[in-house]
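What the coordinates show
As a plain string of letters, each chain reads:
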Amino acid sequence: MADRYQKFTASAPGGFLAKRLGLPRPEPLRRHKPGDQVAAGPVALGGPDGGRLGKPVRELLESLGAEIAGEGGRPHALVFDATGITSSDKLVELHSFFHARIRSLAPCGRLVVLGTPPELITDVREAVAQRALEGFVRSAGKELRRGATAHLLLVEPGAEGSLESVLRFALSARSAYVSGQVLRIGAGGTVTAPADWERPLDGKTALVTGASRGIGAVVAETLARDGAQVVCLDIPAQAAELKAVADRIGGTALELDITEAAADSRLAGHLSAHHGGVDIVVHNAGITRDKTLGRMDAARWESVINVNLAAVERINARLLDGDAPVLRDGGRIICTSSISGIAGNVGQTNYAASKAGLIGLVQAQAPLVGRGITVNAIAPGFIETQMTAAVPLFIREAGRRMNSVNQGGQPVDVAEAVAFFASPGSGAVNGQVLRVCGQALLGA
Ligand code: NAD
C-alpha cells in the first residue's frame, strides 16, 4: 500500500520542503535480505563491572563475526549490559555511555540494553534500578532519529546461554519496525540452535491462518523462506488468492472457515493425515467490524469475537489435546493481537476485547503447555495492508505517522517477528507479547 508522503519526502524537493517546514521525514527502513550480516556495522559495548552479560554477549558477537567498535567512529549498534546496575546511583552509567555515543549512531542503528527481570530480584534497591531501565529505553526509542530503534532485553539468571536468537533479531534489520519494547528471556526453555540460521525451520511444518493476503501471505512466505513446509489456510471465498500464495512458496492450500462447526477437528485431521502433525501454528486470520458500542449490533460483536478469539481457543485446545497431540514437542503457537488490544480504540470494543483476550490466552497458556512448546503473540501497530487501506484518510494518516519512525510498518515486519518466535533457537522466549508498531504513541 502506498505511503505517498514518505515517497515525496524521499525526493530531493520533497525532502527540502519537509526540512524547511519542520515536517517529519520518514527514513526508509532497512529490511533483512538473505545473507545479510547480523549487525550492519561495528557494535559498541558498555556496562559497569560486575554485569552478568558483558562477557557472553561479547563472545557471541565475535562468534557472529561482528566488529566490536573502539572509541569514536559511527557504530551500528550500542549494546549495554546493565545487569551490574544494582542501585539507582549507578544509573548514571547509562548516561555516560549513551550520552557520549547516541548522536553518532548510524541510520537504522540499534540501541540495546540488557537487564534482569525486576520481578525476580529480592533486593529492593536493585529491583528499583532494573525497573528504571524500561523508562530509559522507551524514552531513548522516542528520541532516536533516522530509523534507529531501541530494545530492552530482560534476561533471567541462568538464561545467559540462550541469547543468540534474540540478539540476532534485535540487532538485525529483521526488527526494523520494533522499538521501545521489552523482551524477557527465560531460564527454563528448550533452546535448540538451528544447524543453519538462514533456514532455521528446515524440516518443520507450519500452519498460517488467513494466508491468502495481507500480513498472513507474507508470514507464509517468510516461514517458507526459513525452510518450513507451510499449510496456508483461508476461507473458501479466497480460494484463488490462497492457491496463488501456496503455489508461490511451494506450500499447500487449505480452504476452511475457522468459525464453521467442527473446523478445529477438520484442521487437526488434515494436519495429521497430510503432515503427521504440525510444529508452528500462526493464528493470523482476523476481522474488524467497527462501530461505537451504542451503534454496534450483536452480529458485529459476535463475529469479531468468534473469528479473532474463540476460534483460536478451540483450535489450540484441539491441537494440544490427547495422548498424541497434533502440535508436536517443541511446537510454537503465535497469536496475532493488536495495539488496539493493549491501548483500546474508538469503535473497536469488540476487536480490542478479542485482541486483549489473545494476550490473556498467551499469558495463561504459556506456563502450562510444557513439552518445549512456546506460546507468544505479536501486537502489530499500523501495518500497510488492505485492512488499513480501508481506514478513513485522516485517521489512516495519523495512524501511520504517530510513532517513533513516522511511518507504517510493512507486513514483512510482522512476519520477521513471527519467524523469530517460530525459531527453535527462541525456546527461551515464552508468554511474551511483542509489539511491532514502530513504537506507536498508542498504548504502553
Ligand atoms: P486482512 O483482512 O488483509 O487479512 C485477513 C485474512 O484473514 C483474510 O485473508 C481473510 O479472508 C482471513 N479470514 C478472515 N476470517 C476468516 C475465517 N473465519 N477463517 C479463515 N480465514 C479468515 O488483514 P491483515 O491486515 O493482513 O491482518 C492480519 C492480522 O493482523 C489480523 O488478525 C489483524 O487483526 C491483525 N492486525 C493487523 C493490523 C494492520 O495494521 N493491518 C494491525 C494490528 C493487527
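Heads up: the structure comes first, above all this text.
Residues numbered from 1 in each chain as written. Predicted model: local features only at pLDDT ≥ 70, side-chain atom pairs only at ≥ 80, totals over all residues. Heavy atoms only, no water.

1. Regarding the site of the ligand
Residues in contact with the ligand amount to 30 residues; listed here are only the nearest, Arg213, Asp234, Asn284, Tyr351 and Thr385. Within the backbone of Ile258, a nitrogen or oxygen atom sits 3.0 Å from a nitrogen atom of the ligand. A total of 830 Å² of accessible area belongs to the ligand in isolation, and the protein chains cover 94% of it. Secondary-structure elements contributing two or more residues to the shell around the ligand are helix H7 (214-225), strand S7 (229-234), helix H12 (349-369) and helix H13 (386-389). Tallied by class, the residues present in the shell around the ligand amount to 13 nonpolar, 13 polar and four charged. (Near = heavy atom within 4 Å. Polar contact = N/O pair within 3.5 Å; in protein donor to acceptor, adjacent residues only side chain to side chain. Areas by Shrake-Rupley, 256 points an atom, 1.4 Å probe, with all protein chains shown as cover. Helix = DSSP H or I, 4+ residues; strand = E, 2+ residues; numbered from the N terminus. Nonpolar A, V, L, I, M, F, W, Y, C, P; charged D, E, K, R; others polar.)

2. Here's the deal with the pattern of salt bridges
Under the defined criterion, the tally for this structure stands at 22 salt bridges. The residue Glu164 makes a salt bridge to Arg168 at a minimum N-O spacing of 2.9 Å. Highlighted residues: Glu164 and Arg168, both in helix H6 (residues 164-171), separated by four residues, approximately one helical turn. Assessed through its relative accessible area of 19%, Arg168 is described here as buried. Residue Asp226 pairs with Arg225 through a salt bridge whose shortest N-O separation is 2.9 Å. (Salt bridge = Lys/Arg side-chain N within 4 Å of Asp/Glu carboxyl O. Buried < 20%, exposed > 50% of the residue type's maximum accessible area, 1.4 Å probe, protein only.)

3. Observations concerning the packing of aromatic side chains
Scanning all chains against the criterion turns up six aromatic pairs. Relative to Phe136, the ring of Phe98 lies with its centre 5.4 Å away and its plane at 45 degrees, an arrangement referred to as tilted. On the criterion of sequence distance, the pair formed by Phe98 in helix H4 (residues 92-101) and Phe136 in helix H5 (residues 124-143) is long-range, its members being 38 residues apart. Using a relative accessible area of 25% as the deciding quantity, one classes Phe136 as partly exposed. Taking 4.6 Å as the distance between ring centres and 10 degrees as the angle between the ring planes, the aromatic pair formed by Phe169 and Phe420 counts as stacked. Placement of Phe169 in helix H6 and of Phe420 in helix H15 (residues 411-422) is noted, with a sequence separation of 251 residues between them. Assigned by exposure class, Phe169 and Phe420 land together as buried. In this structure an aromatic cluster arises from ring pairing among Phe80, Phe97, Phe98 and Phe136. (Phe/Tyr/Trp six-rings, centres within 6.5 Å; stacked < 30°, edge-to-face > 60°.)

4. What about unusual backbone geometry?
Even without being glycine, Ala262 reaches a positive phi, approximately 65 degrees. Along the chain, the position of Ala262 falls in the loop between strand S8 (252-255) and helix H9 (263-275). If you check the backbone angles, Asn406 has positive phi at about 55 degrees while not being a glycine. With respect to the helices, strands and loops of the structure, Asn406 is situated in the loop between helix H14 (393-401) and H15. Since its relative accessible area comes to 24%, Asn406 is described here as partly exposed.

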